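Residue-level structure breakdown
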Amino acid sequence: MNRRAFVRTGAGAAAMLFVPSSWSAEARLFRLATAAPQQAVPSLSVPEATQILSTLKAVHPRLLISKESVEHLKIQIASDPLLRQWHKTLIKKAQDILLEEPSRYEIPDGLRLLDTSRRVVSRVYTLALAYRLDGDRRYAERAWRELAAAAAFKDWNPRHFLDTAEMTHAFAIGYDWLYDVWTPEQRETICQSIVEKGFQPALKVYRANNWWASARHNWNQVCNGGIGMGALAVGDVEPQVAGEVLHFSLKSLPLAMSEFAPDGAWKEGPGYWNYATSYNVVFLAGLQTALGTDFGLSKLPGFSDTGLFPLYLTGPLRRTFNYADGGDGAIRAPQMFWLARQFNRPVYADYERQLAAPAPLDLVWFYSPGDAQAPGLPLDKYFRNAKVVTLRSDWHDWKAWFVGFKGGDNKANHSHLDLGTFVFDALGARWAVDLGADNYNLPGYFDFAKRRWTYYRLRAEGHNTLVINPGAGPDQVLAASSPIERFDPRPDRPFAIADLSRAYQGAARKVRRGISLERGNTLLIQDEIQADKPAEVWWFMHTPANVEIEKDGRRAILRQKGEELEAGLLSPANATFEVMDAAPLPESPHPVKQAKNNVRKLAIHLTGVTESRLAVRLAASSQNARSNSNAPLVPLSEW
């Protein structure tokens, strides 16, 4: 049984997967969502549990840092102006934490302790590194108060296991980085908490090989990474249980890492790429520094290229192509420094140097190889497994033209019904936006069988794509996958074409969308639709711009931030533009209106469609671009 079967047969099919009733609703739904076959999993030679810790270093710290690496970092801080500034930021954050009360056991949404776990992770990293660099015992003492408070929690909320994994991660760093500060009693308290609140619930999952241990999405990396770091921290004092944990985690992690093949992309979108890779890299780095090997994990196909994914999906305004559940903010990822050094990809480090907040691991992994900027990279990229394309006119001009476009897979974890959607930046503004994730606590948000698809932001009508024959049900086929059938990064006019036919199966026989970028002045979105019966078609583009439509309805002027963009409706001849609220169609369900207030949508409405070519050209609102926008249309088959 897989997610497709679950979707088609309804929630009653869940029992056939033997998912324990004790799991949270979110955990059960994630299990159902990831049961479908995915990429082939590379084999990895993993030592037996009794042998896996044979090369464990006896000294502390041994996770990510060593006494020698800290001394080297101090020298770097003294000589590098950027690192000096980051060090000041770190110390300011540590001083602020001194004035804050320790975290408490709080589950405000009734499900997740995750905010608390993440707060503990952040505080422990900050305080422990500040102590290592400056030697002020106040930081270590405050870290103990944080750890002691969390050690006294009744549990680390294993029903939502991300909470448990992240807390175990915090305790691993606290135990290891401040080992020489702790009394034997303090070490015992931390170690016992890792074993009882982290390992014991994890082993129940590992031994049954279910839930996140058999998943291929971010839960796999976060849970294996957090629990694995705990095992590396206490492996010398708890070798039996730590060895078993590491053996299981090394068997499980390749399931998720196989999804990076062949070119480093991530189906869950750039936000979850950051979350997944942050724990993936922390664990690999911990294995290398504690055991001297990552057992070949870093050599798995596609992983060396994964730093290209946030780089390409970030536009000139430092906003991402935020498909699936995510926001469009810049991806700040200290793991980019580690990836840069591990794979000799200095451009990854350049990306993070420009965007870092910074976080403690930005200092720990800092890498400054010199001039490593992106001009050497091609402007355009196609990520094959994720079925995502980005096109741009320039790497460094903040007014450059950029489009992110996807086919994709509606079965992917955290997916929206967004096959065919796009975002578009030009002239220093984002003109076509993705509304991003909604509130995870909305009723049924992770009910992949039904209710998830009643929320506007998750439906096709809430994206920059087509809706055909709208109704109360899902407005794209839930099991659909849409390939990028052609990608041509030609210098003058790169383009990509997606076959969206499966997304609209039952409503249309053939649906294809092509997007082409004429470098620096026009973007063409061209759809070709064939239906056996007359169909109703909507075309949507969500925009924060003010929109003025000319009298004939064939031309619209979009204005924002002192810039103008012209939208020309090239085909069909009888179509016109209209402006609508970013809200459900009358035929759609209305549980919540959850669009952004400052967003509206440029729309086109066609009826009685059996065969149609729908083409919109976006151009800079100037005489030059306007004349260029009169170029004749050609069928997608002739692109």
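Rules used in this analysis
- Throughout, residues of each chain are indexed from 1 in the direction in which the sequence is written.
- With pLDDT at 70 or above as the cut-off, local features in this predicted model cover only qualifying residues; side-chain atom pairs require 80 or more to be listed or tallied, and sums for whole chains, interfaces and linings still use all residues.
- For the side-chain quantities, the full set of heavy atoms in the structure was used; hydrogens and water were omitted.
- A run of H or I in DSSP becomes a helix once it reaches four residues, and a run of E becomes a strand once it reaches two; helices and strands are each numbered from the N terminus.
- The buried label applies to any residue whose accessible area, calculated with a 1.4 Å probe on protein chains only, is under 20% of its type's maximum; exposed applies above 50%, and partly exposed to all values in between.
- Residue contacts follow a heavy-atom distance rule, with two residues in contact if any of their heavy atoms lie within 4.5 Å.
- Each pair of strands is called paired provided DSSP finds at least two bridges between the two strands.
- Here, axes are lines fitted to C-alpha atoms. For helices the fit covers the stretch in contact, and angles between N-to-C directions go from 0 to 180 degrees.
- To form a nonpolar core, buried Ala, Val, Leu, Ile, Met, Phe, Trp, Tyr and Cys residues must be joined to one another through side-chain atoms within 4.5 Å.
- Each angle gets one of four labels, with under 35 degrees taken as roughly parallel, over 145 as roughly antiparallel, 65 to 115 as roughly perpendicular, and the rest as oblique.
- By convention, the crossing between two helices is left-handed when the near helix turns anticlockwise from the far helix through less than a right angle, and right-handed when the turn is clockwise.
- By the convention adopted, Pro, Cys, Tyr, Trp, Phe, Met, Ile, Leu, Val and Ala count as nonpolar, Lys, Arg, Asp and Glu as charged, and the other residues, Gly among them, as polar.
- Confidence scores labelled pLDDT are given residue by residue by the predictor and lie between 0 and 100.
- Salt bridges are identified by distance alone: a Lys or Arg side-chain nitrogen within 4 Å of an Asp or Glu carboxyl oxygen.

Some thoughts on the overall build of the protein
- When helices and strands are counted, the protein shows 16 helices and 17 strands.
- Overall size of the protein, expressed as C-alpha extent along the three principal axes, is 80 × 60 × 45 Å.
- When each of the 639 residues of the protein is scored for burial, the buried share is 62%.
- Sequence-distant contacts in the protein: of pairs separated by 6 or more residues, those separated by 24 or more amount to 70%.

Remarks on the sheet that holds strand β1 (residues 381-383)
- With antiparallel pairing, the 5 strands of this open sheet are ordered in space as β1-β2-β3-β5-β6. Strands at the two margins of the open sheet, each flanked by one partner only, are β1 and β6 (429-432). Neighbour-to-neighbour, the strand axes of the sheet open up by a mean angle of 15°, direction not taken into account.
- Sheet topology places strand β3 (residues 402-406) next to strand β5 (residues 422-426); 4 bridges connect them, and they run antiparallel. Bridging across to β5, Gly 404 finds its partner in Val 423.

With respect to the nonpolar core
- Ranked by internal contacts, the top residues of the largest apolar core, which has 132 residues, are Leu 63, Leu 64, Trp 177, Trp 212 and Trp 365.
- Per-element accounting of this core gives the leading share, 13 residues, to helix α11 (residues 270-291).
- Grouped together as the second largest cluster of nonpolar side chains are 51 residues, Ala 503, Met 541, Ala 545 and Leu 565 included.

Notes on the packing of helix α13 (residues 335-343) against helix α14 (residues 346-355)
- At a minimum axis distance of 7 Å, the contact between α13 and α14 shows a crossing angle of 160°. By the criterion of interaxial angle, the relationship of α13 to α14 is roughly antiparallel. For the crossing formed where α13 meets α14, the hand is left-handed. Contact residues: α13 offers Met 336, Phe 337, Leu 339 and Ala 340, while α14 offers Pro 346, Tyr 348, Ala 349, Tyr 351, Glu 352 and Arg 353.
- Taken together, the residues of the contact of α13 with α14 break down into 8 nonpolar, no polar and 2 charged.

Brief notes about the packing of helix α6 (residues 137-151) against helix α7 (residues 161-177)
- Look at α6 against α7: their axes get within 11 Å of each other, and the N-to-C directions meet at 140°. If you check the angle between α6 and α7, you find them oblique. As α6 packs across α7, the resulting crossing turns out to be left-handed. Contacts from Leu 147, Ala 150 and Ala 151 in α6 reach Met 167, Ala 170, Phe 171 and Gly 174 in α7.
- Here the residues of the contact of α6 with α7 sort into 6 nonpolar, 1 polar and no charged.

What to know about the confidence of the model for the protein
- The share of residues in the protein with pLDDT of 70 or more is 90%, and the mean pLDDT across the chain is 91.
- Across residues 1-37, confidence stays below pLDDT 50; counting only partners more than four residues off in sequence or on other chains, it has 65 contacts.

Section: the pattern of salt bridges
- For the structure on display, the rule yields 36 salt bridges.
- Close ionic contact of Arg 132 with Asp 180 constitutes a salt bridge, the shortest N to O distance being 2.9 Å. Taken together, the positions of Arg 132 in helix α5 (residues 114-134) and Asp 180 in the loop between α7 and α8 (184-208) put the pair 48 residues apart, joining distant regions of the chain.
- Residue Arg 132 is classed as buried on the basis of its relative accessible area, which comes to 14%.
- For Asp 180, a relative accessible area of 43% corresponds to the partly exposed category.
- Taking the shortest distance from any N to any O, the salt bridge between Arg 513 and Asp 527 comes out at 2.6 Å. Placement of the pair is Arg 513 in strand β11 (residues 510-518) and Asp 527 in strand β12 (residues 522-543), with a sequence separation of 14 residues. The exposure classification of Arg 513 matches that of Asp 527, with both residues buried.
- Through salt bridges that share partners, Glu 100, Arg 123, Arg 142 and Glu 146 make up one connected network.

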